[in-house]
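# Observations on the three-dimensional arrangement
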Amino acid sequence: MTENHRHRVVIIGAGFGGLNAARALRKAPVDVTVINATNHHIFEPLIYQVAAGVLSPGEVAVPIREALRHQKNIEVLVGWATDIDAEGRTVTAAGPDGTRYQVPYDTLVLAAGATQSYFGHDGYGQWAPSLKTMDDALEIRARIFGAFEEAELATDPRQVQRLLTFVIVGAGPTGVEMAGQIAEIAHRTLPGRYRRIDPRTARVVLLDAADRVLPTFDARLSQRVVTKLRSIGVEVRLGEKVVDLDETGVKVESAQGTDRIEALTKIWAAGVAGTTLARRLATSVGAETDRAGRILVGPGLTVPGHPEIFVLGEAMSLRDLPGVAQVAMQGGTYAGRTIARRLAGRSTAKPFSYFDKGNMAAVSRFYAIADLGPVRLTGLIGWLGWLAVHLYYLPRMRNRVTVLLRWAVSFLGRGRPEAVITSQQVLARDALRHAPAAQREVAAPTTESSSSLS
């Protein structure tokens, strides 16, 4: 650090970790630059409800500049960080038009999250989008509701069956919640609205190679979730591995052999991997990564040998901490406070300590589970707890009010306030997939710490 500028902190990513780090530096004598691929922060635990037509994008997202509007030491840049020069202490990023720029730093906070892992079969993404970004949510919403519209027009019974079969790969929180929502759309929201098809004949299949759903939850809660899912019309198939996936279906393999499920709508909710940026940083500084490509950090959330580089959330690997929002939030606060303490000349030797507040998942209306250590809740009580926790953590009071109203319409009534779809929501994503390789790299979606807030 030279004498002609204040300490410069660059934060890559404006998810839970990035925002909390920035907020922890509000009173510190630093200049903070936040670089994010979009101009908004997503409240990711509720993004699946955008895909299900319950909530609008504006209710689960907040502009970064608004979220940090009270901080005078913040600069926000929209762009995709593509490279990090650890020796020269600069970040290279690309703006929305592809123009590249460099930002110098004295301290770097990498909170860019993770990408969806297709386990070496990235081509699956064309037919089975993940649920990581707002674009993903809008595309999936268009695919779900569009499938019923196309089925109403189809004359071939086999094509109707393909259109009304929905396959969700991955039985973690996102997969379970998405399967429950599609089942409710088919069995509760849409019946009586079509003349040629009966939406209740839709088939919702939840697949996972594991032997139970929600593996991070108590086993007894997992079993109750399976029972509930089946009661609302979800076909839960465990111990089945996806071995092929194309436009019209999914091929699975199990101990009983192979099977093919004909389905035009697939959603991928299985596994995450480190970003290209994280891998490049790890290579350049000689840091180790885990099998998913996340950077192994020290007890202070810094890269070994580089105390000026913090890594947060799903971009880092430490003591098998889960990739949930609370890890990122607590890590962001810890990083920001550590930077402030350093500049104040105070001791920063205390390692990061994660306080596990438990896990929650909403299976259907009026039914959720909460695994809070010694306390386990199910059913309506769990659902009310889930509502309270998510309302509490929503970033704005206005969002809390409108979300509560939307939930009343969807859960007490039968409506889906955001069921409107456009063909552009799917076609624009297809255009992006066929863009030049350089643009695809820049626009690669990332996420920071999904799953439960509790």
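How each quantity is defined
Residues numbered from 1 in each chain as written. Predicted model: local features only at pLDDT ≥ 70, side-chain atom pairs only at ≥ 80, totals over all residues. Heavy atoms only, no water. Buried < 20%, exposed > 50% of the residue type's maximum accessible area, 1.4 Å probe, protein only. Helix = DSSP H or I, 4+ residues; strand = E, 2+ residues; numbered from the N terminus. Pairing = 2+ DSSP bridges. Right-handed = clockwise from strand over helix to strand, strands pointing away. Axes fitted to C-alpha atoms, helices over the stretch in contact; angles between N-to-C directions. Salt bridge = Lys/Arg side-chain N within 4 Å of Asp/Glu carboxyl O. pLDDT = per-residue confidence, 0-100. Contact = heavy atoms within 4.5 Å. Expected span 1.5 Å × (residues − 1). 1 Å grid on protein atoms, 1.4 Å probe; cavity = no way out; pocket = protein on both sides within 12 Å on 5 of 7 lines; lining within 4 Å. Points joined across faces, edges and corners; volume = space filled by probe spheres on them. Nonpolar A, V, L, I, M, F, W, Y, C, P; charged D, E, K, R; others polar. Patch = residues over 30% accessible without salt bridge, like charges linked within 9 Å, V, L, I, M, F, W, Y side chains within 5 Å. Areas by Shrake-Rupley, 256 points an atom, 1.4 Å probe, with all protein chains shown as cover. Lys, Arg positive; Asp, Glu negative; His and termini not counted.

### Overview of the pairing of strand β11 (residues 165-169)
In terms of residue burial, β11 counts as a mostly covered element, since five of its five residues are buried. In terms of strand pairing, β11 meets strand β12 (residues 203-208) through five bridges, oriented parallel. From the neighbouring strand, Val167 faces β12, where its bridge partner is Val205. For the crossover from β11 across helix α7 (residues 173-189) to β12, the handedness is right-handed. When β11 meets strand β17 (residues 265-268), the two strands line up parallel, connected through four bridges. Each bridged residue has a counterpart across the sheet, and for Ile168 the counterpart in β17 is Ile267.

### What to know about the sheet that holds strand β8 (residues 100-104)
The three strands lie next to each other as β6-β7-β8, forming an open sheet whose pairing is antiparallel. Looking at strand neighbours, the two that pair on one side only are β6 (80-85) and β8, the edges of this open sheet. Direction aside, neighbouring strands of the sheet carry axes that sit 25 degrees apart on average. Across five bridges, the pairing between β6 and strand β7 (residues 90-94) is antiparallel. If you follow Asp83 over to β7, its bridge partner there is Thr92.

### Some remarks on the pattern of salt bridges
Applying the stated rule across the entire model yields 20 salt bridges. Between Asp106 and Arg8 there is a salt bridge, with the nearest N and O atoms lying 3.5 Å from each other. With Asp106 in the loop between β8 and β9 (107-110) and Arg8 in strand β1 (residues 7-12), this pair connects stretches of sequence that are 98 residues apart. Under the relative-accessibility criterion, Asp106 is labelled buried at 6%. When the shortest N-O distance is used, the salt bridge between Asp371 and Arg376 registers 3.6 Å. Assessed through its relative accessible area of 11%, Asp371 is described here as buried. With relative accessibility at 37%, the residue Arg376 sits in the partly exposed group.

### Digging into the confidence of the model for the chain
Residues with a pLDDT of 70 or more make up 93% of the chain, whose mean pLDDT is 91. The low-confidence segment residues 435-445, where pLDDT is below 50, has 14 contacts with residues more than four positions distant or belonging to other chains.

### Looking at α7
Between its first and last C-alpha, α7 extends 22 Å over 17 residues, near the 24 Å set by a 1.5 Å rise per residue. Most of α7 is tucked away: 15 of the 17 residues are buried.

### Structural notes on the environment of Ala349
If you trace the backbone, Ala349 turns up in the loop between α10 (325-343) and β23 (359-364). Residue class for Ala349 comes out exposed when judged on its relative accessible area of 67%. Distance in space between the C-alpha atoms of Ala349 and Thr338 is 9.0 Å, their sequence separation being 11 residues.

### What to know about the layout of surface pockets
Think of a ball as big as a water molecule: rolled over the atoms, this probe shows where empty space is left. Taken as a whole, the second largest pocket spans an internal volume of roughly 1200 Å³. Gly172, Ala269, Ala270, Gly271 and Val272 are the residues nearest the centre of the second largest pocket, which is lined by 48 residues in total. Residue contributions to the lining of the second largest pocket peak at three residues, all from strand β14 (residues 241-246). Along the lines of polarity and charge, the residues of the lining of the second largest pocket split into 25 nonpolar, 14 polar and nine charged.

### Points about the sheet that holds strand β24 (residues 367-372)
Within the open sheet, the three strands sit side by side as β23-β24-β25. Their pairing is antiparallel. Where the open sheet ends on each side, the last strands, each with one partner, are β23 and β25 (375-377). Averaged over all pairs of adjacent strands, the angle between strand axes in this sheet comes to 10 degrees, irrespective of strand direction. Inspection of the sheet shows β23 paired to β24 by five bridges, in the antiparallel sense. Looking at the pairing, Asn359 lines up with Asp371 of β24.

### Points about a nonpolar patch on the surface
There is a patch of nonpolar side chains on the surface, built from Met397, Val401 and Leu405 and spanning about 310 Å² of accessible area. You can see Leu405 is positioned in helix α12 (residues 397-412).

### A look at the side chain of Asp208
Mapping Asp208 onto the fold places it in strand β12. Of the buried charged residues, Asp208 lacks a salt bridge, with Arg212 as the closest side chain of opposite charge at 10 Å. Other than its neighbours up to four places away in sequence, Asp208 contacts Gly170, Ala171, Gly172, Arg237, Leu238, Gly239 and Glu240.

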